[in-house]
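A structural walkthrough
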Amino acid sequence: MRIIDDITNFIFLEDISPECPMEEGNFTEEKHSTEERRSMEKYRSIAPGRKENPAKADAIFVPGGSYPELPERAAQLWKAGYAPYIVPSGKYSVTMGKFTGVKSKADIYGKNYAFECEFYTDVMVSKGVDPDSIIPEAEAQFTAENARFSRKVLDARGIRPKKAILCCKGYHSRRCLMYYQLNFPETEFLIAPVYLDVARENWYQTDRGQRKVLGELARLGTQFTPELTPEWQALWRQDIKKG
């Protein structure tokens, strides 16, 4: 159905395939059957602007959350030489007021983490990432702050990425890209999505998938608009000048 395809291609962005590179026994392969993977490839093949062999980047951004699959993916990309730095961002959800725990693989990552950034860092180090290559940001409580505060921590180190990889949930990719583009207007972004239970090929088939994807459409209007007001832009420019 055309409307489903239009929404899918707007919300789900993909420049770097989840299978490139992936370690044996990764989440995507375990989660989906052969038939589902074929369906996924059908949708990925029509993803606008997809790059099969993207050039190396200067940093990998990972907006906060509770799923280890995101920092695991970032670690895989770092180990494959896609970028020298990873910037995990997140304190905890502003709606929850605390980090409520790991939502998958708790048997592996079962520590009592205080912040999302702490959780992400622990996952990446356990996967072989050099701690010196991790630039943490531990104050953000929502997506706009993930982008804004990541800019601050990189500016403080004098790092101005010309190209960066954004590692996020598939259905979160459009909103993440818009916020990060706003805060890094000089940077070219590549999207490396992570598909959990809501993916390009199945989001419209479940109530949860519809809530997540259509919720993203709504948030793109209600959340993004304040970021574009003259008052916010003036504050943003002031912050950038302060470094």
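Below: a short report on this structure. Note that the structure is predicted; figures quoted are calculated from it, not measured. (Residues numbered from 1 in each chain as written. Predicted model: local features only at pLDDT ≥ 70, side-chain atom pairs only at ≥ 80, totals over all residues. Heavy atoms only, no water.)

What about the side chain of S89?
You can see S89 is positioned in strand β2 (residues 86–89). Each residue touching S89, except ones within four places of it in the same chain, is listed here: V62, P63, G64, E116, E137, A140, N146, S150 and Y180. (Helix = DSSP H or I, 4+ residues; strand = E, 2+ residues; numbered from the N terminus. Contact = heavy atoms within 4.5 Å.)

Quick notes on the sheet that holds strand β3 (residues 163–169)
Within the open sheet, the four strands sit side by side as β2-β1-β3-β4. Their pairing is parallel. Of all the strands in the sheet, just β2 and β4 (188–194) have a single pairing partner and so form its edges. With direction set aside, neighbouring strand axes in the sheet form an average angle of 20 degrees. Alignment of β3 against β4, held across seven bridges, turns out to be parallel. Each bridged residue has a counterpart across the sheet, and for A164 the counterpart in β4 is F189. Here helix α6 (residues 143–156) sits on the sheet and contacts β1 (59–63) and β2; the angle it forms with β2, its principal contact strand, is near 135 degrees. Set on the sheet, helix α7 (residues 173–183) makes contact with β1, β2, β3 and β4; between it and β3 the angle comes to about 145 degrees. (Pairing = 2+ DSSP bridges. Axes fitted to C-alpha atoms, helices over the stretch in contact; angles between N-to-C directions.)

Some words on the pattern of salt bridges
Inspection of the entire model under this criterion finds 10 salt bridges. Put simply, R2 and D6 hold a salt bridge, and the shortest N to O gap is 3.8 Å. With R2 and D6 both in helix α1 (residues 2–11), this residue pair falls four residues apart, about one helical turn. For R2, a relative accessible area of 70% gives the class exposed. Of the charged contacts in the structure, one is a salt bridge between D155 and R151, with a shortest N-O distance of 3.1 Å. Residue D155 and its partner R151 are located together in helix α6, separated by four residues, close to a single helical turn. Each of the two residues, D155 as well as R151, counts as buried. Within this structure, R151, D155, R160 and E186 form a network of salt bridges that share partners. (Salt bridge = Lys/Arg side-chain N within 4 Å of Asp/Glu carboxyl O. Buried < 20%, exposed > 50% of the residue type's maximum accessible area, 1.4 Å probe, protein only.)

Details of the packing of aromatic side chains
Applying the stated rule across the entire model yields 14 aromatic pairs. Pairing F61 with Y180 gives two aromatic rings, centres 5.2 Å apart and planes at 50 degrees, and the pair type is tilted. Linking F61 in strand β1 with Y180 in helix α7, this pair joins segments that are 119 residues apart in sequence. Residue Y180 is classed as buried on the basis of its relative accessible area, which comes to 0%. Note on Y92 and F115: the rings are 6.1 Å apart at their centroids and 45 degrees apart in plane angle, and the pair reads as tilted. Of this pair, Y92 sits in the loop between β2 and α5 (116–126) while F115 is found in the loop between β2 and α5, placing the two residues 23 residues apart along the sequence. By relative accessible area, which is 16% here, Y92 ends up buried. (Phe/Tyr/Trp six-rings, centres within 6.5 Å; stacked < 30°, edge-to-face > 60°.)

Considering the nonpolar core
In terms of nonpolar packing, the biggest core is built from 30 residues, with I60, V62, I86, F119, M124 and I165 touching the most fellow members. Ranked by the residues each element gives to this core, the list is headed by helix α4 (residues 69–79), at five residues. In this structure, I60 is in contact with A74, L77, W78, A83, Y85, I86, V87, I165 and C167, ignoring residues within four places of it in sequence. If you look at the next biggest cluster of nonpolar residues, it comprises 20 residues, including L13, V87, L182 and F224. (Core = buried A, V, L, I, M, F, W, Y, C linked by side-chain atoms within 4.5 Å.)

Notes on helix α8 (residues 207–222)
If you check α8, its first and last C-alpha atoms are 22 Å apart, about what 16 residues at 1.5 Å a residue would give, namely 22 Å. For α8, the full list of buried residues reads G209, V213, G215, E216 and L220. (Expected span 1.5 Å × (residues − 1).)

Some remarks on the pairing of β3
Burial within β3 is extensive, with seven of its seven residues counted as buried. The handedness of the β3 to β4 crossover, carried by α7, is right-handed. (Right-handed = clockwise from strand over helix to strand, strands pointing away.)

A closer look at the environment of S104
Note on placement: S104 falls in the loop between β2 and α5. Taking the C-alpha atoms as reference, S104 lies 8.3 Å from E69; in sequence the two are 35 residues apart. What S104 contacts, discounting residues up to four positions off in sequence, is S66, Y67, P68 and E69. Engagement of the side chain of S104 in a polar contact is seen with the side chain of E69, the distance being 3.0 Å. (Polar contact = N/O pair within 3.5 Å; in protein donor to acceptor, adjacent residues only side chain to side chain.)

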